[in-house]
Amino acid sequence: MQFTYRETTPSDKDFSNLVAELSSELRALTSDSGENSFHADSFSLDTDICLVIYQSEKAVACGSFRKHDSDTCELKRMYSKYRGAGSYLITQLESCAVIKGYKRSVLSTRKVNDNAVCFYERHGYSKVSAYGKYVHASKSVCLGKSLAT
C-alpha cells in the first residue's frame, strides 16, 4: 500500500476527526478516552509535531509527539485505521523527531490495549520506568526507544 503524510496541527480537520475516532475506541476498550493526556493548546511548532497519513487522499492514520525533555519526545494520539498505516506513521514520526533533535522517544498506553503494546514492541519499544502522571498509574505501561541519529 502506498501512503503519504502531511505535517499539520491539532486543529486540522483530518487530525481532529481521527483523534475523535481514537478517543471513542479507547473509551470502549478502557473506559477512558485518553483525551486528558493531549492538550492541543500546549502544542508548539518548534518542538512538537502532528502527522496525518493518507492512502489515496483518504486520512487513515494520525499521531503526534511533544517535547518530553531536551533529548526526548513523547508519542501521543497514535491511531491507524488500516494495516500498514501505523508502521508508516511511526517511522515518519521517528524521522521527524530525529530532525527536531530528539534522541529518544517514550509513550504510555493502557496495559489492556494488547494491540498497541504489541505494535510498539514490534517497532523496537521496550518497557521503561513510569514518568510524569503515569508514575502511579497501575493501568498504564510506559515504553521507550532510542532513535537513530
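To keep things clear, this report deals only with the structure shown in the data block. Please read these numbers as outputs of a predicted model, since none were measured by experiment.

1. Points about the nonpolar core
Turning to step 1, where the next piece is worked out: Formed by 26 residues in total, the largest nonpolar core has its most connected members in Phe-65, Leu-75, Met-78, Leu-93 and Tyr-120.
Turning to step 2, where the next piece is worked out: Of all the elements in the fold, those that place two or more residues in this core are β2 (49-55), β3 (58-69), β4 (72-80), α2 (85-99), α3 (114-122) and β7 (140-146).
Turning to step 3, where the next piece is worked out: Not counting residues within four places of it along the chain, the set of residues in contact with Tyr-120 comprises Leu-75, Met-78, Ile-90, Leu-107, Tyr-125 and Leu-143.
Turning to step 4, where the next piece is worked out: Phe-43, Val-52, Tyr-54 and Ala-59 belong to the second largest nonpolar core, which has eleven residues in total.

2. Points about unusual backbone geometry
Turning to step 1, where the next piece is worked out: With a phi close to 50°, Ser-56 is a non-glycine residue in the positive phi region.
Turning to step 2, where the next piece is worked out: Relative to the assigned elements, Ser-56 resides in the loop between β2 and β3.
Turning to step 3, where the next piece is worked out: Residue Ser-56 is classed as exposed on the basis of its relative accessible area, which comes to 72%.
Turning to step 4, where the next piece is worked out: Despite not being glycine, Glu-57 has its phi angle at roughly 70°, a positive value.
Turning to step 5, where the next piece is worked out: On the secondary structure map, Glu-57 appears in the loop between β2 and β3.
Turning to step 6, where the next piece is worked out: In this structure Glu-57 comes out as exposed when scored by relative accessible area, which is 77%.

3. Re α3
Turning to step 1, where the next piece is worked out: When we look at burial in α3, the residues that qualify are Ala-116, Val-117, Phe-119 and Tyr-120. Seen end-on, α3 carries its buried residues on one side only, within an arc spanning 160°. Those residues of α3 that are exposed and aimed more than 90 degrees away from the buried face are Asp-114, Asn-115 and Arg-122.
Turning to step 2, where the next piece is worked out: Taken together, the buried residues of α3 touch β4, α2, β5 (104-110) and β7.
Turning to step 3, where the next piece is worked out: Note on α3: the residue one or two positions beyond its end, Gly-124, has a positive phi of about 90°.

4. Description of the side chain of Ser-140
Turning to step 1, where the next piece is worked out: Secondary-structure assignment places Ser-140 in strand β7.
Turning to step 2, where the next piece is worked out: In this structure Ser-140 comes out as buried when scored by relative accessible area, which is 15%.
Turning to step 3, where the next piece is worked out: Each residue touching Ser-140, except ones within four places of it in the same chain, is listed here: Ser-108, Thr-109, Arg-110, Lys-111 and Tyr-134.

5. Topic: the packing of aromatic side chains
Turning to step 1, where the next piece is worked out: Taken as a whole, this structure holds six aromatic pairs when the rule is applied.
Turning to step 2, where the next piece is worked out: With 6.4 Å between their ring centres and 55° between their planes, Tyr-5 and Tyr-88 make a pair best called tilted. On the criterion of sequence distance, the pair formed by Tyr-5 in strand β1 (residues 4-8) and Tyr-88 in helix α2 is long-range, its members being 83 residues apart.
Turning to step 3, where the next piece is worked out: Taking the relative accessible area as the measure of exposure, Tyr-5 reaches 37% and is therefore partly exposed.

6. Side note on the pattern of salt bridges
Turning to step 1, where the next piece is worked out: Under the defined criterion, the tally for this structure stands at six salt bridges.
Turning to step 2, where the next piece is worked out: Two residues, Asp-12 and Arg-6, come together in a salt bridge whose shortest N-O distance is 3.1 Å.
Turning to step 3, where the next piece is worked out: Here Asp-12 falls in the buried class, since its relative accessible area comes to 14%.
Turning to step 4, where the next piece is worked out: Residue Arg-6 is classed as partly exposed on the basis of its relative accessible area, which comes to 32%.
Turning to step 5, where the next piece is worked out: The partner of Arg-6 in a salt bridge is Asp-14, with the nearest N and O atoms 3.6 Å apart.
Turning to step 6, where the next piece is worked out: Since its relative accessible area comes to 26%, Asp-14 is described here as partly exposed.
Turning to step 7, where the next piece is worked out: What you see here is one network of salt bridges that share partners, running through Arg-6, Asp-12 and Asp-14.

So, how was this worked out
Residues numbered from 1 in each chain as written. Predicted model: local features only at pLDDT ≥ 70, side-chain atom pairs only at ≥ 80, totals over all residues. Heavy atoms only, no water. Core = buried A, V, L, I, M, F, W, Y, C linked by side-chain atoms within 4.5 Å. Buried < 20%, exposed > 50% of the residue type's maximum accessible area, 1.4 Å probe, protein only. Helix = DSSP H or I, 4+ residues; strand = E, 2+ residues; numbered from the N terminus. Contact = heavy atoms within 4.5 Å. Arc of directions from axis to C-beta. Phe/Tyr/Trp six-rings, centres within 6.5 Å; stacked < 30°, edge-to-face > 60°. Salt bridge = Lys/Arg side-chain N within 4 Å of Asp/Glu carboxyl O.

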